[in-house]
Structure formats: C-alpha cells, structure tokens
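Take a look at the letters that make up each chain.
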Amino acid sequence: MKKVKIIADSTCDLSDELLEQYGISVVPLCIVMDGKSYYDKIEVTPDEIYAWAEKNKTTPGTAAIPMDLALQTLEPYVKEGRDVIFLGISEDMSTTCNVMRMAARELETDRVFVIDSMNLSTGIGLQVLRAAQMAEEGLPAEEIVKKIEGDRDKVRASFVVDTLTYLARGGRCSAVTALLANTLKVKPRIVVKDGKMGVDKKYRGTQDRVILKYAKDMEEELRHGDRTRVFITHSGCDRAVIEKVKEYLEGLGRFEEILITRAGGVISSHCGPGTLGVLFYME
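Nothing here was measured: the structure is a model prediction, and the numbers come from that model.

## Points about the pairing of strand β11 (residues 196-204)
Now for step 1: Pairing analysis gives eight bridges linking strand β10 (residues 186-193) to β11, with the strands arranged antiparallel. Across the sheet, the residue bridging to Pro188 is Lys202, located in β11.
Now for step 2: Hairpin connection, β10 to β11: the antiparallel pair is bridged by two residues, and Asp194 has positive phi, about 55°.

See the structure below:
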C-alpha cells in the first residue's frame, strides 16, 4: 500500500480507467438544477445537463463538495495513518479546496495536504497524474507537494468554445455578446492563467475547422511540451473532429501518450457542448 494517497475533485476530468490505473480517488462537486443538488458524474451526466439546460433555457448552478462528504472521504485514510494529498479546482473558481482544509482540521490531522491546482479540467488532471506517479515512486508527501506547486505555471490549459450561449446564461458574458458571436460564428479561445479564465483569441468559422486551427496555433509550445502526455478534453464533440486533432498531435512525434477524455458536469455546465481543449505541461 502506498503511503501517500492522492485525491482529486471531479473537475479533474480523468477517465475511470486512469483513476483506477493510478489508484486515485475522486470527490464530486455538485450540479444544482431545479433547486436540487446532484453529484457530478455520479448522479447526473453532461448530456442530461444539456437536455435540462435546453428545456429550461438556463444553465445549472455548480457548488463545492459538501463538508460531510469531505469528512467521509478523508477519514479512512487519516485513521490508517496515511498522508493525503488533495488537488482541487482553482480557488478563484470554487471553495472546494477550503472545504477540504476545514475537514482536515476537524479530523485533527496535519497530514492532509491541499493543493490549489490554479486550474480546471485536465489542467488539474495533469497535476493529479504527476502526483500519483511520484506517490508510486515512494516520494514523501512534502516533496510531492513542493514539486507539483513548483511546476503549476508550466501547465497549459485552454479550450475553444463552440457557443457562448452557456457562458451568457451563467452570467459570464452578456446575452448581446453571445448572440452576436453565435451569429458571426465567433469561437473564443479560453485560457486558464493564474487560476483564472480569460479570452486570449477569437476564431471564426465552423467548429471543426476552428478546433484544428486552434491546435495548430499551439504548435510551437506543443513541440516544447513535456513528452509524457497530452490531453484532448471535450464536452461532447464529433468523433471525427477529435480524431483529426489526435492525428495532428501524433504527427508532431512529441508525446508518449495522447489521452482523450470527456469533460464532466462542471465544465459542461459552464461551456456547453462542442468545447474542446488541448492540455499539457511545458518541459
């Protein structure tokens, strides 16, 4: 049994296969619809969220993990005397990390280490997998935390959004901006930097062409990316589009592993269907 246990929240968007392979546990954030809270990926799927959003012409709310679940998750490992490292969504976007800190205090342990990933989706997932690999190698918790936090600024996380409708419904852009952008087929590239999301580029055209152009625009950085892995993370894109991006990344001959993952309820609630991102570490 590994001394250090790695736990993440559901916004890390790692597949069940990866979670099982690396022995990672996940605590879900909450999706709020019609005043009722549902656990992300456990009680509600992205496609169910889209159906609800279209029917109600609004987007669900999202909420941090509840305190009782945080306690329930941590307690078994604390009782076993194991160190726990928790990696959560950016603290600029959620109070999840703070909930885990409060749970650790209630359990009266100083062996739960909470890392603010300063990211979202597989921008978190990249850090989670790296931490899990170091745990497998037997590194102590303090050293893992130091290495993960020291390399946070090397994570490159960005997405191209197909429609601004969901961002507008969630209050993240105006309805007029969304209508104009959708009419003109403007697709923003959203980049995560210093724990915050911002638009750094805008594309025009059909989503399949835009996505490939977006990927190719990152070629210089991709060629200097960490060779271990790169993620293609999407919120429900056409398989042919995903395969084109994968073929492009394969053609670079850079990465040992190209992983395709489907975004969970939190990203899907905010960005809507058709969103795709290429996420990786810089060397």
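Next comes the rest of the write-up.
## Structural notes on the pattern of salt bridges
Now for step 1: Taken as a whole and assessed by the stated rule, the structure comprises 21 salt bridges.
Now for step 2: Asp151 is the partner of Arg130 in a salt bridge, and the nearest nitrogen-oxygen pair spans 3.1 Å. Of this pair, Arg130 sits in helix α5 (residues 122-136) while Asp151 sits in the loop between α6 (141-150) and β8 (155-156), placing them 21 residues apart in sequence.
Now for step 3: Residue Lys154 is joined to Asp151 by a salt bridge in which the shortest nitrogen-to-oxygen separation is 3.6 Å.
Now for step 4: When its relative accessible area of 29% is taken as the criterion, Lys154 is described as partly exposed.
Now for step 5: Each of Arg130, Asp151, Lys154 and Asp226 takes part in a single network of salt bridges with overlapping partners.

## Side note on the packing of helix α3 (residues 67-79) against helix α4 (residues 96-106)
Now for step 1: With their axes 9 Å apart at the nearest point, α3 and α4 run at an angle of 60° to one another. Here α4 runs oblique to α3, going by the angle between their axes. As for how α3 packs across α4, the hand of that crossing is right-handed. Across the interface between the two elements, Met67, Ala70, Leu71 and Leu74 from α3 touch Val99, Met100, Met102, Ala103, Ala104 and Glu106 from α4.

## Remarks on α6
Now for step 1: Those residues of α6 not exposed but buried are Ala141, Ile144, Val145 and Ile148. Down the axis of α6, the buried set is contained in an arc of 100°. They therefore lie on one face.
Now for step 2: Against β1 (4-9), β6 (83-88), β7 (112-116), α5 and β14 (276-282) lie the buried residues of α6.

## A short note on the sheet that holds strand β4 (residues 36-39)
Now for step 1: With respect to topology, three strands assemble into an open sheet ordered β4-β3-β5, the strand pairing being antiparallel. The open sheet has two edge strands, β4 and β5 (61-63), and neither has a second partner. Strand-to-strand twist in this sheet, taken as the mean axis angle between neighbours without regard to direction, amounts to 35°.
Now for step 2: Pairing analysis gives four bridges linking strand β3 (residues 30-33) to β4, with the strands arranged antiparallel. By the bridge assignment for β4, Ile31 is matched with Tyr38.

## A word on the state of the cysteines
Now for step 1: Taken as a whole, this structure holds zero disulfides when the rule is applied.
Now for step 2: For the unlinked cysteine Cys12, the closest cysteine sulfur is that of Cys97, found at 12 Å.
Now for step 3: Since its relative accessible area comes to 1%, Cys12 is described here as buried.

## Comments concerning the sheet that holds β7
Now for step 1: Taken together, four strands build an open sheet; the order of strands is β2-β1-β6-β7 and the sheet is parallel. Each edge of the open sheet is held by one strand with a lone partner, namely β2 (25-27) and β7. Each strand axis lies, on average, 25° off the axis of its neighbour in the sheet, ignoring direction.
Now for step 2: Both β1 and β2 contribute to a ladder of three bridges, which runs parallel. Paired with Ile7 across the bridge in β2 is Ser25.
Now for step 3: Set on the sheet, α6 makes contact with β1, β6 and β7; between it and β7 the angle comes to about 5°.

Cut-off values and rules
Residues numbered from 1 in each chain as written. Predicted model: local features only at pLDDT ≥ 70, side-chain atom pairs only at ≥ 80, totals over all residues. Heavy atoms only, no water. Pairing = 2+ DSSP bridges. Helix = DSSP H or I, 4+ residues; strand = E, 2+ residues; numbered from the N terminus. Salt bridge = Lys/Arg side-chain N within 4 Å of Asp/Glu carboxyl O. Buried < 20%, exposed > 50% of the residue type's maximum accessible area, 1.4 Å probe, protein only. Axes fitted to C-alpha atoms, helices over the stretch in contact; angles between N-to-C directions. Parallel < 35°, antiparallel > 145°, perpendicular 65-115°, else oblique. Left-handed = near helix turned anticlockwise from the far one by under 90°. Contact = heavy atoms within 4.5 Å. Arc of directions from axis to C-beta. Disulfide = S-S within 2.5 Å.

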